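# Notes for the structure review
Spelled out from the first residue to the last, the chains are:
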Amino acid sequence: MRLALPDAFDVVLLQGEAECFPDQEVPADAAEAFADKFGWDPRVEEGSFLYVRVAPRTVRAWRGEPELRGRVIMRDGMWLE
């Protein structure tokens, strides 16, 4: 899975393995951490929600096009110096 945050100028690109959990099957500790951080608990809402947990293997980050080269900051799950 690839996940890009937040826009085309300041970019963090995560590549890794993703697990998806329906709102009623998400591990309780993960759901509580989400609710604590965002002040919102999808498990109590009408409708269905999907939690996605990404274990990053590679992370690239850059600010603007001139900084595209050499922006790998994690490889094989290990942070690079």
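In what follows, the structure referred to is the one given above.
Residues numbered from 1 in each chain as written. Predicted model: local features only at pLDDT ≥ 70, side-chain atom pairs only at ≥ 80, totals over all residues. Heavy atoms only, no water.

## Some details on the overall build of the chain
Stated precisely, the cut-off is as follows: Working definition: helices are DSSP H or I runs of at least four residues, strands are E runs of at least two. Numbering for both runs from the N terminus. A simple rule labels every residue: compare its accessible area, found with a 1.4 Å probe on the protein chains alone, to the largest value its type can have, and call it buried under 20%, exposed over 50%, or partly exposed in between. Between two residues, a contact is recorded if the distance between any of their heavy atoms is within 4.5 Å.
Counting its secondary structure elements, the chain contains one helix and five strands. The helix and strand sequence of the chain, counted from the amino end, reads β-β-α-β-β-β. Counting every position in the chain, which comprises 81 residues, the buried fraction comes to 22%. Across the chain, contacts joining residues at least 24 apart in sequence account for 48% of those joining residues at least 6 apart.

## Comments concerning the pattern of salt bridges
Quick reminder of the rule: Salt bridge criterion: a side-chain nitrogen from Lys or Arg within 4 Å of a carboxyl oxygen from Asp or Glu.
Inspection of every chain in the model, using the stated rule, returns three salt bridges. Where Arg 43 meets Asp 41, a salt bridge forms, and the shortest distance between an N and an O atom there is 2.7 Å. Classification of Arg 43 as partly exposed rests on a relative accessible area of 22%. Using a relative accessible area of 17% as the deciding quantity, one classes Asp 41 as buried. Connected via shared salt-bridge partners are Glu 32, Asp 41 and Arg 43.

## Structural notes on the environment of Asp 10
By the element assignment, Asp 10 lies in strand β2 (residues 10-22). Sequence separation of Asp 10 and Trp 62 is 52 residues, and the distance between their C-alpha atoms is 6.0 Å.

## Points about the pairing of strand β3 (residues 50-63)
For clarity, the cut-off: A pair of strands counts as paired when DSSP detects no fewer than two bridges linking them.
Inspection of the sheet shows β2 paired to β3 by 13 bridges, in the antiparallel sense. Pairing of Glu 19 across the sheet is with Arg 53, part of β3. When β3 meets strand β4 (residues 72-75), the two strands line up antiparallel, connected through two bridges. Counted as the bridge partner of Val 59 is Met 74 from β4.

## Re the environment of Val 44
Relative to the elements of secondary structure, Val 44 occurs in the loop between α1 (28-38) and β3. The exposure class assigned to Val 44 is exposed, which follows from its relative accessible area of 67%. Along the sequence, Val 44 and Gln 24 sit 20 residues apart, while their C-alpha atoms lie 9.4 Å from each other.

## Concerning the packing of aromatic side chains
Keep this limit in mind: A pair of Phe, Tyr and Trp rings is counted when the ring centres sit within 6.5 Å of each other, with Trp represented by its six-membered ring. The angle between the planes then sorts it: under 30 degrees is stacked, over 60 is edge-to-face, the rest tilted.
A full pass over the atoms with the stated rule returns four aromatic pairs. A centroid spacing of 4.8 Å and a plane angle of 45° characterise the contact between Phe 34 and Phe 38, whose relative ring orientation is tilted. Here Phe 38 and Phe 34 lie together in helix α1, a separation of four residues that amounts to about one turn. Summarising the aromatic geometry, the rings of Trp 40 and Phe 49 are spaced 5.4 Å apart at their centres and angled 80° between planes, so their arrangement reads as edge-to-face. With a relative accessible area of 35%, Trp 40 lands in the partly exposed category.

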